[in-house]
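Reading the structure
Here is what each chain is made of, one letter per residue.
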Amino acid sequence: MKHFLFFFLIIAIVSCGGPEPRKPVKVKTGSILQKSVERNKELLAQEEKQIMEIIKNDSMNDYFSSGIGSWYHYIYQNNDSNYYPQTDDLVTLEYNVISFGNDTIYSKEQIGPITYKVDKQDLFPGLRNSIKLLKENESATFLFPSSLAYGYHGDNNKIGVNIPIKSTITILKIDKQKDNN
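Calculation rules
Residues numbered from 1 in each chain as written. Predicted model: local features only at pLDDT ≥ 70, side-chain atom pairs only at ≥ 80, totals over all residues. Heavy atoms only, no water. Helix = DSSP H or I, 4+ residues; strand = E, 2+ residues; numbered from the N terminus. Buried < 20%, exposed > 50% of the residue type's maximum accessible area, 1.4 Å probe, protein only. Contact = heavy atoms within 4.5 Å. Areas by Shrake-Rupley, 256 points an atom, 1.4 Å probe, with all protein chains shown as cover. Phe/Tyr/Trp six-rings, centres within 6.5 Å; stacked < 30°, edge-to-face > 60°. Lys NZ or Arg CZ within 6 Å of the ring centre and 35° of its normal. Core = buried A, V, L, I, M, F, W, Y, C linked by side-chain atoms within 4.5 Å. Pairing = 2+ DSSP bridges. Salt bridge = Lys/Arg side-chain N within 4 Å of Asp/Glu carboxyl O.

Further remarks concern the overall build of the protein. For the protein, the count of helices and strands is 4 helices and 8 strands. Along the protein, helices and strands appear, N-terminal first, in the series α-α-β-β-β-β-β-α-β-α-β-β. Residue burial in the protein is summarised as follows: out of 181 residues, 35% are buried. Excluding contacts between residues fewer than 6 apart, the proportion of contacts in the protein whose partners are at least 24 apart in sequence is 68%. For the protein, the exposed area adds up to about 12,400 Å²; of that, 54% sits on carbon and sulfur atoms.

Right, here's the structure in full:
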């Protein structure tokens, strides 16, 4: 009986090694993700080329880089103000959406004036960032690659997949929500 208990104790100790991790059946290399990244880089390069062509052919306006991948030119500038919208400010604005072929997708009348709480509401990425580049009573036309517009999803209505757009944005009013001097 002592031998049986001793033998049972030895087996219990030997079998108490920790659980062994299972090996994956199939190792994924991320090739699908890599292909998607390459496709997106090519698309962005094509759209940037279109933007540069538009800028080159528009000798009437001086374009500025937004720093996030879009370009813009002023229609009206407000040299009397130096205040740009800050987080939490309420901005009343108008904008339109136009294709790179100058077809109106949404007019400013269709969209109507909107009030936007800076950095707190959902607008397409290019519009969210562009609002912060304009002062009250300023208007500018922006050229957005699709990644800053409605992206790979579109707007489920008039704007399809991966469509770059132009948008003329006018800041009508800025209501400061805190002292942002």
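Another aspect to go through is the packing of aromatic side chains. Tallied over the entire structure, the rule returns 8 aromatic pairs. Seen in terms of ring centroids, Phe142 and Phe144 are 5.7 Å apart; in terms of plane orientation they differ by 5°. Their pairing is stacked. One exposure class covers both Phe142 and Phe144, and it is buried. The structure contains a cluster of three or more aromatic residues connected by ring pairs, namely Phe64, Tyr72, Tyr74, Tyr95, Phe124, Phe142, Phe144 and Tyr150. The residue whose ring lies beneath Lys176 is Tyr83, and the NZ or CZ to ring-centre distance is 4.3 Å.

On to the nonpolar core, then. In this structure, Leu93, Tyr95, Leu127, Ile131, Phe144, Ile169 and Ile171 are the most contacted members of the largest nonpolar core, which totals 27 residues. Ranked by the residues each element gives to this core, the list is headed by strand β8 (residues 165–175), at 4 residues. Dropping the residues within four chain positions of it, Phe144 is found in contact with Ile51, Ser70, Phe100, Phe124, Gly126, Leu127, Ser130, Ala149, Pro164, Ile165, Ser167 and Ile169. Among the nonpolar cores identified, the runner-up in size contains 6 residues, and Ile51, Ile55, Tyr63 and Leu143 belong to it.

In terms of burial, strand β3 (residues 90–95) is a largely internal element, 5 of the 6 residues being buried. By the bridge criterion, 4 bridges tie β3 to strand β6 (residues 114–117) in an arrangement that is antiparallel. Paired with Leu90 across the two strands is Lys117, which belongs to β6. Here 6 bridges tie β3 to β8, and the two strands are oriented antiparallel to one another.

Inspection of every chain in the model, using the stated rule, returns 7 salt bridges. The partner of Lys135 in a salt bridge is Glu138, and the shortest N-O contact between them spans 3.8 Å. Residue Lys135 is classed as buried on the basis of its relative accessible area of 9%. Here Lys173 ties to Asp175 by a salt bridge, and the two come within 3.7 Å at their closest N and O atoms. Residue classification places Asp175 among the partly exposed positions, given a relative accessible area of 29%.

Assignment of secondary structure puts Tyr152 in the loop between β7 (139–144) and β8. Among the residues examined, Tyr152 registers a relative accessible area of 68% and is labelled exposed. In the structure, Tyr152 is positioned 11 residues away from Ile163 in sequence and 8.2 Å away in space, judged by C-alpha atoms. Among all residues touching Tyr152, those that are not within four sequence positions of it are Val161 and Asn162.

This paragraph deals with unusual backbone geometry. For Asn102, which is not a glycine, the phi torsion comes out positive at approximately 70°. Residue placement: Asn102 occurs in the loop between β4 (97–99) and β5 (104–106).

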